Amino acid sequence: MMGEIVQFFRVAFGLIFLFFVPGFAFSLVLFPKKGDLSLTLRIGLSGALSVVIDVLTTLFIDLALRMPTTGFNIFASLLTFTLFCLALWRFEIFVFSRYSGKFTKKADEN
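Here, residues in each chain are numbered from 1, in the same order as that chain's written sequence. Per-residue local features of the predicted model are confined to residues with pLDDT of at least 70, and side-chain atom pairs are confined, for both listing and counting, to 80 or more; whole-chain, interface and lining totals are unaffected and use all residues. Working from all heavy atoms in the structure, the side-chain values ignore hydrogens and water.

A few words now on the overall build of the protein. Per the secondary structure count, the protein includes four helices and zero strands. Strands are runs of DSSP state E lasting at least 2 residues, helices are runs of H or I lasting at least 4, and numbering of each runs from the N terminus. Beginning at the N terminus, the succession of helices and strands in the protein can be written as α-α-α-α. To get the radius of gyration, use the C-alpha atoms; to get the globule rule, take the number of residues to the power 0.38 and multiply by 2.2 Å. Taken against the 2.2 N^0.38 rule, which gives 13 Å for 110 residues, the C-alpha radius of gyration of the protein at 18 Å runs more than 25% over that of a compact globule. Taken along its principal axes, the extent of the C-alpha atoms in the protein is 70 × 35 × 20 Å. Think of it in three bands: with a 1.4 Å probe and only protein chains considered, a residue is buried below 20% of the maximum accessible area for its type, exposed above 50%, and partly exposed in between. Looking at the 110 residues of the protein, the share that counts as buried comes to 20%. Of the accessible surface of the protein, which amounts to about 8,100 Å², a share of 74% is contributed by carbon and sulfur atoms. Each accessible area value is a Shrake-Rupley result obtained with a 1.4 Å probe; residue values ignore everything except the protein chains displayed when judging cover.

To pair, rings of Phe, Tyr and Trp, with the six-membered ring standing in for Trp, must have centres within 6.5 Å; the planes then decide the type, stacked if under 30 degrees apart, edge-to-face if over 60, and tilted in the middle. Inspection of the entire model under this criterion finds five aromatic pairs. Plain terms: the ring middles of Phe-26 and Phe-81 are 6.0 Å apart, the flat faces sit at 40° to each other, and that makes the pair tilted. One end of the pair, Phe-26, is in helix 2 (residues 21-30); the other, Phe-81, is in helix 4 (residues 71-109), and 55 residues separate them in sequence. Since its relative accessible area comes to 25%, Phe-26 is described here as partly exposed. On the accessibility criterion, Phe-81 (25% relative accessible area) is partly exposed. An aromatic cluster of at least three residues, connected via ring pairs, comprises Phe-8, Phe-9 and Phe-13. Positioned over the ring face of Phe-96 is Lys-33, at 5.1 Å from the centre of the ring. Either the NZ atom of lysine or the CZ atom of arginine qualifies as a charge over a ring when it sits within 6 Å of the ring centre and within 35 degrees of the ring normal.

Right, let's talk about the side chain of Asp-54 for a bit. Note on placement: Asp-54 falls in helix 3 (residues 39-64). This buried residue, Asp-54, is left without a salt bridge; Arg-10 holds the nearest opposite charge, at 15 Å. Among all residues touching Asp-54, those that are not within four sequence positions of it are Leu-18, Pro-22 and Leu-78. None of His or the chain ends enter the tally, which takes Lys and Arg as positive and Asp and Glu as negative. Here a salt bridge means any side-chain nitrogen of Lys or Arg lying within 4 Å of a carboxyl oxygen belonging to Asp or Glu. Contact criterion: two residues are considered in contact whenever any of their non-hydrogen atoms come within 4.5 Å of each other.

Positive phi, normally seen in glycine, also occurs at Arg-66, with a value near 60°. Note on placement: Arg-66 falls in the loop between helix 3 and helix 4.

Such coordinate-based values are descriptive only and should not be taken to indicate function.
This is the structure:
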């Protein structure tokens, strides 16, 4: 009984991770500001981007890195890609918040 519950949550979280999380992180990199996309558009774009990212990541680790395409290797590479995208997004937000005032002040002075 307990094994079936664990298996259900493993499959559910695996599907969410596979079909949503990498695309959502990449959509944050592409459109970093909150008002750039509506939530429904971001969710739809996340699903489509996730499928593309999953396929390209699997091909990359198989053909370029010559690693076996096991479930763990695919999960680790997708997790690495997602964490990289989230770090890049936070860097973009930092840069936008730090330098947005400087550009508008110079434009107002001229």
